[in-house]
Amino acid sequence: MIKDKIILRNLLLGSFYASFSAALGGSTFVFTRLIINDIDPFTLSFLRYGLTGLFLFLVSMPFFLRTKFLTEDKVPMAFLGLAMITIFANFMAIGLQHTTAARAGLLYATMPLCTIIIAYLFQIEKITFNKILAVFIAIFGVSFCLSENINSNIRETLKGDFLMMIGVIGASCFTVFSGKYLKKYGNIPVMIYAIGFGTLFNFLITLSFGSTLKNLYFINEIQIYALLMLIIPGGVLMLYCWGKALQLISPTQAAISLGFNPLSAILLGSVILNEEITLRLILGFLSIVIAITLANWKLNK
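Summary of the structure given here. Everything quoted here is computed from the prediction, not taken from an experiment. (Residues numbered from 1 in each chain as written. Predicted model: local features only at pLDDT ≥ 70, side-chain atom pairs only at ≥ 80, totals over all residues. Heavy atoms only, no water.)

What to know about the nonpolar core
Counting 56 residues, the largest nonpolar core has F29, M77, F88, Y108, L113, M164 and I288 as its most contacted members. The residues contacting Y108, other than those within four sequence positions of it, are F29, F88, M164, V168, L258 and N261. If you look at the next biggest cluster of nonpolar residues, it comprises 12 residues, including I36, A93, A226 and L227. (Core = buried A, V, L, I, M, F, W, Y, C linked by side-chain atoms within 4.5 Å. Buried < 20%, exposed > 50% of the residue type's maximum accessible area, 1.4 Å probe, protein only. Contact = heavy atoms within 4.5 Å.)

This is the structure:
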């Protein structure tokens, strides 16, 4: 009886942390969209994740410095930073120059399903009928939603969707291949290490392609506020809550909560960016929720 209560408590608390993290993640699309025309995507990605990593390092310094990474793990973990902090962050930011926050949130919510496909292709996870059906439901729902002609320049919007999807694939690769390192070293040390190398890549990219790093002295109060929202709640707090969730529940259980990502992006996008909430957008959101739940149905029966 006591064991059952502990399991239930961990499930509820872990689900709360995962849902809160997902909702914070959805808000980052809105705040990125808010300032992406003033701070170029490369500089923004460098600042956001660089300062997030620095904050995590400062508050976890003793724990991180005590962690001894094996030599054979250092290069693969650096590539994890390239996938998540460089590829995902930059393609997401570039994509948000062309598409809406709501559509970006909807595409990001397909990450668990992309993860299933990548894990199957690399023979890391077996695929089931439920997962196959879930992928088709998600593809149909997202395709139906994204086919909507939301403005006069649909090509630009679809370009943004495509770039965002490249970023999602990068994040999915991180999810697939980071598991054994998270188990070996813990969530925070791996995240700090990955962010460190990803930020180094971002810095080099920013020096080559960024255009606003030297003009940061001239950003206004709204841009500073949006940047702080991306760093503190959208960076540090989001990663902390996700790590706490994964300590209490499994990654597949946590994946169900990603439906909150497009929900917060849709609602905040409507309030802050005046983005229209359409019927197709709602149906696309529901299809993602159904698909993620179906993919994890066996676990929760």
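Quick notes on unusual backbone geometry
Residues other than glycine seldom take positive phi values, yet N274 does so here, at roughly 60 degrees. Take N274: it is sitting in the loop between α13 (260-272) and α14 (279-295). (Helix = DSSP H or I, 4+ residues; strand = E, 2+ residues; numbered from the N terminus.)

Quick notes on the packing of aromatic side chains
According to the stated counting rule, one finds 13 aromatic pairs in the structure shown. Plain terms: the ring middles of F64 and F69 are 6.0 Å apart, the flat faces sit at 55 degrees to each other, and that makes the pair tilted. In this pair, the class of F64 matches that of F69, namely buried. The interplanar angle of 40 degrees and the centroid separation of 4.9 Å between the aromatic rings of Y193 and F197 together place this pair among those described as tilted. Separated by four residues within a single helix, Y193 and F197 lie in helix α10 (residues 187-209), roughly one turn from each other. Assessed through its relative accessible area of 11%, Y193 is described here as buried. (Phe/Tyr/Trp six-rings, centres within 6.5 Å; stacked < 30°, edge-to-face > 60°.)

Examining the packing of helix α2 (residues 41-59) against helix α4 (residues 71-95)
α4 packs onto α2 with a crossing angle of 130 degrees between their chain directions and a minimal axis gap of 9 Å. As the angle between them shows, α2 and α4 are arranged oblique. Every pair of crossing elements has a handedness; the one defined by α2 and α4 is right-handed. Residues P41, F42, S45, R48 and Y49 of α2 form the contact with α4, whose own contacting residues are I85, F88, A89, N90, M92, A93 and I94. Of the residues in the contact of α2 with α4, the class split is nine nonpolar, two polar and one charged. (Axes fitted to C-alpha atoms, helices over the stretch in contact; angles between N-to-C directions. Parallel < 35°, antiparallel > 145°, perpendicular 65-115°, else oblique. Left-handed = near helix turned anticlockwise from the far one by under 90°. Nonpolar A, V, L, I, M, F, W, Y, C, P; charged D, E, K, R; others polar.)

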